[in-house]
Amino acid sequence: AVVSVLALILFLVVELFTDQPVVDLRIFRSASFGLGNGILFFANVTLFGSIVLPPIYLQTLMGYTATLAGTVLGPGGFASLLAMPLVGRLLATQMNPKILIALGIMGTAASAWLMSRFNLQTDFATVLWPRIFFGASMVFIIIPLTTLTLSAIPKEEMGNATSIFNLV
């Protein structure tokens, strides 16, 4: 932990005070970029938790096989796939991306609440529907958030900005 903290401090000092940094952290001066990355970080923590924990729960506590766990969790990915063109069309109609993000956050929160109610008597459908709703809701966060976060970045800084955004 000490080595990691020291390495992070050294990285920040070198990158902030050199004329040609490898990763230009000065891009965080843009409020929309910094805020967008912060929101993305927390959205990804939620996404990661919802991807990692349910298979463990289903296979260790509920006795599902890997195939059965994939069968109940896989439709969430399919819902994401179906929601992507819808979100793209809504953004193309000049709908405010903040509204889509708010809808995505509310949908993700609702599905996480439903998943928090899982117990050892939870049936297949009770696991399936929150996962589908969660998968669709995350798309309503990530796509508009990407649009908002990168919209104020000048073209010459876009490579650096997208690299940082994707790293987050």
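Since we're looking at a predicted model, the values are computed, not measured.

A.B. asks: Any details on the environment of A83? Residues and values, ideally.
C.D. replies: Among the secondary structure elements, A83 is positioned in helix α3 (residues 66-92). Judged by its relative accessible area of 6%, A83 is buried. Sequence spacing of A83 and A136 is 53 residues, and the spatial spacing of their C-alpha atoms is 5.5 Å. In this structure A83 touches A136, V139 and F140, once residues within four positions along its chain are discounted.

A.B. asks: Give me the pattern of salt bridges: which residues, what numbers.
C.D. replies: Taken as a whole, this structure holds 1 salt bridge when the rule is applied. With its nearest N and O atoms 3.3 Å apart, the salt bridge here joins D24 to R26. What makes D24 partly exposed here is its relative accessible area of 26%. A relative accessible area of 24% means that R26 is categorised as partly exposed.

A.B. asks: Describe the confidence of the model for the protein, with residues and values.
C.D. replies: In this model, the protein carries an average pLDDT of 91, and 100% of its residues clear a pLDDT of 70 or more. Confidence, expressed as mean pLDDT per element, reaches its minimum in the protein at helix α2 (residues 31-61) with 88 and its maximum at α3 with 94.

What counts, and at which threshold
Residues numbered from 1 in each chain as written. Predicted model: local features only at pLDDT ≥ 70, side-chain atom pairs only at ≥ 80, totals over all residues. Heavy atoms only, no water. Helix = DSSP H or I, 4+ residues; strand = E, 2+ residues; numbered from the N terminus. Buried < 20%, exposed > 50% of the residue type's maximum accessible area, 1.4 Å probe, protein only. Contact = heavy atoms within 4.5 Å. Salt bridge = Lys/Arg side-chain N within 4 Å of Asp/Glu carboxyl O. pLDDT = per-residue confidence, 0-100.

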